[in-house]
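# Summary of structural features
Residue-level listing of the chains:
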Amino acid sequence: MQVPPFSLSQQISDLGTDLEEAVLQVLRSGQYIGGAAVKAFEDAFSTCVETSHAVGCNSGTDALILGLRALDIGPGDEVITCSFSFFATAEAISAVGATPVFVDVDPTTYLIDLDQIEAAITPTTKALMPVHLFGRPVDMTRLMAIAKAHHLNVVEDCAQATGARWNGQPVGSFGDVGCFSFFPTKNLGAAGDGGAATTNDAGIAQTMRELAVHGMPERYLHTALGYNSRLDAMQAAVLNVKLPRLTGWVERRAEIAARYREQLADLPGLCLPSTELGHSWNQFVVRINSARDDFRQILQDRGVSTIIYYPIPIHSQPAYAHLGQAEGSLPITEQLCQQVLSLPIFPELSDQQQQTVIATLQKLLRVQAPTQLPRNGNQGRMVA
Ligand SMILES: *Cc1c(COP(=O)(O)O)cnc(C)c1O
């Protein structure tokens, strides 16, 4: 049996004619930019995130850029974030002319290390950008307290965490702005690119809305240099059909994660992710303590496809060479990039497919364990 890392077509066929009808309706309406589908989605999404506003835009990256711009963050400003994330987190900070400042991640949660934030704050720090990586919520109670004490803005990168909650409250509703991606493999995926920025501040919402349409508060009056970053009407129609299913999909992800955690416990050489209430499990990321890439190939040869999120830390990317951040300066991030492996997790993964993944891992690790795998002696140290 072949097990893919994700499957997008399955979800589309499960949704059947609802989705096709919604898309056809937009196609036949002639209303391709803005209109009822976009408005309906923004309303439904702000209800879902429990904020007073949601502004649809072209992508999660653009949502981050719009949020930063609306908070007037730009050249000369620093934004503290983590290097263990998708590149767009830092790229958005740079895109507005500000400078990303990276702190290391926590070895148990893989999220920004809250104990290291304060030491990174300088007089030019303007904002914190926590990333709810892999769908796991950052401790927003503590993060917001740090932000408040230092008068910093907070832009949440919720791209991987649609449906996640901290303390029962949806991510994206804590900071000044919450930024979501509807890239097809995210928890709520469009049939193409899409994003949204959420906020409880009417002024910030209005600014983001204007920036997304060429800084244009009224037709052909441009008060700022903005972007062409609208949420496509066709994508909004797709999202309107999918949004009511989000809770069920996140529950199914959590069920798959629970089964992995139960069945893969105690395998030598394998560190499982710790769990957290409100985790939305966009990814189930294990750590292989040595020879991760070889191990991944062996899994692939046996039909189990995995993905490495992420093989290179952001601060080590050629595009950020100019920051001059030394190798070894973010040791947990750098170690994770060498060890992480994402197992297949998506709502449509069948029990049988998951059993194949589990059985394959059990067989390989039980056989190879004593001689090959645990080499660096810290196996278990990062397990919660
Ligand atoms: C996907 C992602 C983004 C960017 O979202 P796009 O919609 O692809 O632009 C930003 N941050 C993180 C952490 C992501 O995973």
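Basis of the calculations
Residues numbered from 1 in each chain as written. Predicted model: local features only at pLDDT ≥ 70, side-chain atom pairs only at ≥ 80, totals over all residues. Heavy atoms only, no water. Axes fitted to C-alpha atoms, helices over the stretch in contact; angles between N-to-C directions. Helix = DSSP H or I, 4+ residues; strand = E, 2+ residues; numbered from the N terminus. Parallel < 35°, antiparallel > 145°, perpendicular 65-115°, else oblique. Left-handed = near helix turned anticlockwise from the far one by under 90°. Contact = heavy atoms within 4.5 Å. Domains from an automatic or database assignment. Buried area = accessible area lost by both parts, 1.4 Å probe. Pairing = 2+ DSSP bridges. Expected span 1.5 Å × (residues − 1). Bend = angle between axes of the 7 residues up to and from the residue. Buried < 20%, exposed > 50% of the residue type's maximum accessible area, 1.4 Å probe, protein only. Near = heavy atom within 4 Å. Polar contact = N/O pair within 3.5 Å; in protein donor to acceptor, adjacent residues only side chain to side chain. 1 Å grid on protein atoms, 1.4 Å probe; cavity = no way out; pocket = protein on both sides within 12 Å on 5 of 7 lines; lining within 4 Å. Sits in = over half its atoms within 2 Å of the grid points. Nonpolar A, V, L, I, M, F, W, Y, C, P; charged D, E, K, R; others polar. Points joined across faces, edges and corners; volume = space filled by probe spheres on them. Salt bridge = Lys/Arg side-chain N within 4 Å of Asp/Glu carboxyl O.

### Remarks on the packing of helix α3 (residues 60-70) against helix α7 (residues 202-211)
Taken N-terminus to C-terminus, the directions of α3 and α7 make an angle of 125°; their axes are 9 Å apart at the nearest point. Classified by the interaxial angle, the pair formed by α3 and α7 is oblique. Pair α3 / α7 crosses with right-handed handedness. The residues of α7 that touch α3, namely those facing L66, G67, R69 and A70, are I204, T207, M208 and L211.

### Focus on the domain arrangement of the protein chain
Looking at the assigned domains, one finds that the protein chain contains domain 1 (9-104 + 111-244) and domain 2 (245-374). If you average the C-alpha positions of domain 1 and of domain 2, the two centres end up 26 Å apart. On the side of domain 2, 35 residues touch domain 1, which itself brings 39 residues to the contact. For the pair domain 1 and domain 2, the summed buried surface comes to about 3,000 Å²; carbon and sulfur atoms form 59% of the total.

### Things to note about the sheet that holds strand β11 (residues 284-288)
As summarised here, the arrangement of the three strands in space is β10-β11-β12, forming an open sheet in which the pairing is antiparallel. Whereas interior strands pair on both sides, the edge strands pair on one side only; in this sheet they are β10 (270-271) and β12 (340-343). When β10 meets β11, the two strands line up antiparallel, connected through two bridges. Within β11, the residue paired with C271 across the bridge is R287. In this fold helix α10 (residues 292-301) packs onto β11 and β12, with an angle of close to 20° to the strand it touches most, β12. Sheet strands touched by helix α11 (residues 331-339): β11 and β12. Its angle to β12, the strand with the most contacts, is close to 50°.

### Thoughts on helix α1 (residues 8-29)
Since there are 3.6 residues in each turn of an α-helix, residues three or four apart along the chain are aligned in direction. Across its 22 residues, α1 extends only 26 Å between first and last C-alpha, which sits more than 12% below the 32 Å expected from 1.5 Å per residue. The largest bend in α1 amounts to roughly 95° and is located at G16. All of the buried residues along α1 are Q11, L15, L19, A22 and V26. For α1, the secondary structure elements touched by its buried residues are α2 (36-49), α8 (233-242) and α9 (246-263). Looking at the residues trailing α1, positive phi occurs at G30, about 80°.

### What about the site of the ligand?
Near the ligand lie 15 residues; those nearest to it are G60, T61, Q160, S181 and K186. Between the ligand and G60 there is a distance of 2.7 Å, counted from an oxygen atom to a backbone nitrogen or oxygen. Note that an oxygen atom of the ligand is positioned 2.8 Å from one of the side-chain N or O atoms of Q160. Put simply, the ligand lies in the largest pocket. The class makeup of the residues in the shell around the ligand is five nonpolar, eight polar and two charged.

### Examining the sheet that holds strand β8 (residues 177-181)
The strand order across the open sheet built from seven strands is β1-β9-β8-β5-β4-β2-β3, with neighbouring strands paired in mixed fashion. Looking along the sheet, the strands with just one partner apiece sit at the ends: β1 (53-57) and β3 (99-103). Averaged over all adjacent pairs, the angle separating strand axes in this sheet is 25°, with direction ignored. Note: β8 against strand β9 (residues 195-199), four bridges, orientation antiparallel. The residue of β9 that forms the bridge with C179 is A197. Here helix α4 (residues 88-95) sits on the sheet in contact with β2 (78-82), β3 and β5 (153-157), set at roughly 145° to β3. Lying on the sheet, α7 is in contact with β1, β8 and β9; it crosses β1 at an angle near 10°.

### Comments concerning the layout of surface pockets
One number sums up the size of the largest pocket: a volume of about 390 Å³. In terms of lining residues, the largest pocket is bounded by 24 residues, among which F86, S181, F183, K186 and Y310 are the most central. Contributions of two or more residues to the lining of the largest pocket are made by α3 and α4. Broken down by element, the residue count for the lining of the largest pocket peaks at three residues, all from α3. Split by domain, the residues of the lining of the largest pocket number at least three in each of domain 1 (9-104 + 111-244) and domain 2 (245-374).

### Some details on empty space enclosed by the protein
This structure, assessed with the given rule, holds two cavities of 30 Å³ or more. The space that makes up the largest cavity amounts to roughly 200 Å³. For the largest cavity, the lining is made up of 21 residues, of which F6, T185, R253, I345 and F346 are closest to its centre. Of the residues contributing to the lining of the largest cavity, the split by class is 10 nonpolar, eight polar and three charged.

### Points about the pattern of salt bridges
On inspection of all chains with the given rule, the structure shows 10 salt bridges. For D293, the salt bridge goes to R292, with nearest N and O atoms at 2.6 Å. Here D293 falls in the partly exposed class, since its relative accessible area comes to 47%. The exposure class of R292 is buried, given its relative accessible area of 7%. What you see here is one network of salt bridges that share partners, running through R252, E255, R259 and D351.

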